[in-house]
Amino acid sequence: MIKYIGIGSNELDTYLDYAVLSIVAIYIFNATPLQMGVLGACFALPFLFSSNLFGRLLDNAKIHHYRVMLFLINAITTPLFMLTGSIAGLYCIASIKTLSRCGLNISNVKLNTDDSESKRFFEIYGYLINISRIVIPIIGVYVYQHYGLWYAIGLSSLLNLVGLLASTEQNSRIISKSSEKNSHDKYSFWLELKKQRDLLYLVVGYTLANLAFFMSNDMLGLFFRALGQSENSIGMIISLLGIGGFFGTKVAAVLNSHIKSVQILMVSMLFNITAFTLFGFVTPQSASVMLFYFAIMLIGASSGITFFAVRYGVRNMVGYTDVGKATGMVQMISSVVAILMPMVGGVIAGATSLIVTFRLTCLILIATLVAFLIFFYNQQSRSKCHEEPTENE
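As the structure is a computational prediction, the values presented were derived from the model and not from experiment.

1. Remarks on the overall build of the protein
Counting secondary structure elements, the protein contains 15 helices and zero strands. For the protein, the C-alpha radius of gyration of 21 Å lies close to 21 Å, the compact-globule estimate for 393 residues. Burial statistics for the protein: of 393 residues in total, 55% are counted as buried. A separation of at least 24 residues holds for 85% of the contacts in the protein among residues at least 6 apart in sequence. For the protein, the accessible area works out to roughly 17,100 Å², and carbon and sulfur atoms hold 65% of it. The distance from the centre of the 26 positive side-chain charges to the centre of the 20 negative ones in the protein is 5 Å.

Pasting the structure below:
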């Protein structure tokens, strides 16, 4: 049970950062769409350079040693760089803490040592993410508004210290041994993709879905500000993402008994398509702001479904021994999209409007879903043809 305290502490601090850094960027530094895109990219850039490294290190390491070090880094980063008093300091906070979280997120999957516990582990993990999304933005915004920015920063450091202490507990001390120590052949994620088509489809679908999602994700706060919403909207957005994500995690856990992980991922695309259709094609003047908050819940549901589909799918297909390396590679591939697309979205929104960005996101998601449906339909048709007996038979 202690392992869930460490996971929860990390997730609480993650969404506290999203709320506090977004508020500071938008309402104190008056960030432009491009600057918000850069901030979004800072939450992804470290995954590109460190995911593979952490994956290989944590598949053959004393997990708790790394977790203690990474929680300590995150405890001191925010107060240190907030002293700069500039948006560049926010970029540094997002980049450094994301670097640490890259290692923490990969080490989280290594806490699941029992194959029979995997489904329950990732379901609880998903619930912790979304409970964090619901609770901490409300608390963070309240602390920020009533006590000031530095109390919110202190809360962030406290959460990391709790995670650090949880990682030192005896039952949290897991020693992972890689298959590479017992084999002449080093693990190759690319060969794994060739061997397991379902894993390949899952990674491709996840990457393409992120291509669209990250184009618009960091523009949502600006959208609600344009509607006249206050700083409270930032906390509301993240909390509603959590409520939707909690529902999405449960949906994915139920669907897991009936369909494959890549098909569950396709269901998540439907939720995002509906949400960005509302943002892109419903004019704010003709609808209540509550409709757009509902769309945020749909995005959260999609996120919850995606998390379960990808994390459990990779763990189930690859196995415990090499799941660190596989998860690291998935994070690294996804990070390329997560780095580029917020800046692309920021440029498009700055040159045209936020609405154009949302419409493009919707259209890309529709194209991705249709392509996957056609692919799987053709694949199923070919399978039936091969199964039908010939006249000679």
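2. Description of the packing of aromatic side chains
Scanning all chains against the criterion turns up 24 aromatic pairs. With a centroid separation of 6.4 Å and 20° between ring planes, the pair formed by Phe 122 and Tyr 125 is classed as stacked. Here Phe 122 and its partner Tyr 125 are both found in helix α6 (residues 118-147), three residues apart, which amounts to about one turn of the helix. Residue class for Phe 122 comes out buried when judged on its relative accessible area of 0%. The class of Tyr 125 is buried, set by a relative accessible area of 1%. Aromatic pair Phe 224 and Phe 279: ring centres 6.3 Å apart, planes at 85°, arrangement edge-to-face. Here Phe 279 lies in helix α12 (residues 261-281) and Phe 224 lies in helix α10 (residues 220-226), a separation of 55 residues in the sequence. Classification of Phe 224 as buried rests on a relative accessible area of 0%. Here a set of aromatic residues connected by ring pairs shows up, and it is made of Tyr 4, Phe 121, Phe 122, Tyr 125, Phe 307, Phe 308 and Tyr 312.

3. Considerations on the environment of Ser 334
Inspection of the secondary structure puts Ser 334 in helix α14 (residues 323-351). Of the residues examined, Ser 334 reaches a relative accessible area of 7% and is grouped as buried. On a C-alpha basis, the gap between Ser 334 and Leu 164 in space is 27 Å, while along the polypeptide they are 170 residues apart. In this structure, Ser 334 is in contact with Tyr 206 and Asn 210, ignoring residues within four places of it in sequence.

4. Let's talk about the pattern of salt bridges
With the rule as written, the count across this model stands at seven salt bridges. A salt bridge links Asp 13 to Arg 101; the nearest nitrogen and oxygen atoms lie 2.7 Å apart. With a gap of 88 residues between them, Asp 13 in helix α1 (residues 2-28) and Arg 101 in helix α5 (residues 87-110) connect regions that are remote in the sequence. Close ionic contact of Lys 97 with Asp 17 constitutes a salt bridge, the shortest N to O distance being 3.0 Å. One end of the pair, Lys 97, is in helix α5; the other, Asp 17, is in helix α1, with 80 residues separating them in the sequence. The class of Asp 17 is buried, set by a relative accessible area of 4%. It is possible to trace a salt-bridge network through shared partners that takes in Asp 13, Asp 17, Lys 97 and Arg 101.

5. Structural notes on a nonpolar patch on the surface
A surface patch of nonpolar side chains, about 430 Å² in accessible area, is lined by Phe 281, Leu 363, Ile 366, Val 370 and Ile 374. It is helix α15 (residues 354-387) that contributes the most residues to the nonpolar patch, four residues altogether. Position of Val 370 relative to the elements: it lies in helix α15.

6. Focus on unusual backbone geometry
Not every positive phi belongs to a glycine, and Asn 30 is a case in point at roughly 50°. Relative to the helices and strands, Asn 30 is located in the loop between α1 and α2 (33-42). Judged by relative accessible area, Asn 30 falls into the exposed class, the value being 55%.

7. Some remarks on the side chain of Arg 315
Secondary-structure assignment places Arg 315 in helix α13 (residues 289-318). For Arg 315, the contacting residues outside a window of four places in its chain are Asn 112, Thr 113, Asp 114, Asp 115, Ser 118, Phe 122, Tyr 320 and Val 323.

8. Some details on α13
Its 30 residues give α13 an end-to-end C-alpha distance of 44 Å, which sits within 8% of 44 Å, the value for a rise of 1.5 Å per residue. With 22 of 30 residues buried, α13 is to be regarded as a mostly interior element. Backbone nitrogen of Met 290 and a side-chain oxygen of the N-cap are separated by 3.1 Å at the start of α13; the cap is Ser 288. Where α13 terminates, the next one or two residues include Gly 319, which has phi positive at roughly 95°.

9. Focus on the nonpolar core
Nonpolar side chains tend to gather and get buried jointly when the protein is soluble and globular. Counting residues in hydrophobic clusters, the biggest one holds 110 residues, and the most contacted among them are Leu 90, Phe 189, Phe 279 and Val 314. The element that contributes the greatest number of residues to this core is α13, accounting for 15 residues. Aside from chain neighbours lying at most four places away, what touches Phe 189 is Leu 199, Val 203, Ala 326, Met 329, Val 330 and Ile 333.

About the cut-offs
- Residues numbered from 1 in each chain as written.
- Predicted model: local features only at pLDDT ≥ 70, side-chain atom pairs only at ≥ 80, totals over all residues.
- Heavy atoms only, no water.
- Helix = DSSP H or I, 4+ residues; strand = E, 2+ residues; numbered from the N terminus.
- Rg over C-alpha atoms; globule rule 2.2 N^0.38 Å.
- Buried < 20%, exposed > 50% of the residue type's maximum accessible area, 1.4 Å probe, protein only.
- Contact = heavy atoms within 4.5 Å.
- Areas by Shrake-Rupley, 256 points an atom, 1.4 Å probe, with all protein chains shown as cover.
- Lys, Arg positive; Asp, Glu negative; His and termini not counted.
- Charge placed at Lys NZ, Arg CZ, Asp CG, Glu CD.
- Phe/Tyr/Trp six-rings, centres within 6.5 Å; stacked < 30°, edge-to-face > 60°.
- Salt bridge = Lys/Arg side-chain N within 4 Å of Asp/Glu carboxyl O.
- Patch = residues over 30% accessible without salt bridge, like charges linked within 9 Å, V, L, I, M, F, W, Y side chains within 5 Å.
- Expected span 1.5 Å × (residues − 1).
- Polar contact = N/O pair within 3.5 Å; in protein donor to acceptor, adjacent residues only side chain to side chain.
- Core = buried A, V, L, I, M, F, W, Y, C linked by side-chain atoms within 4.5 Å.

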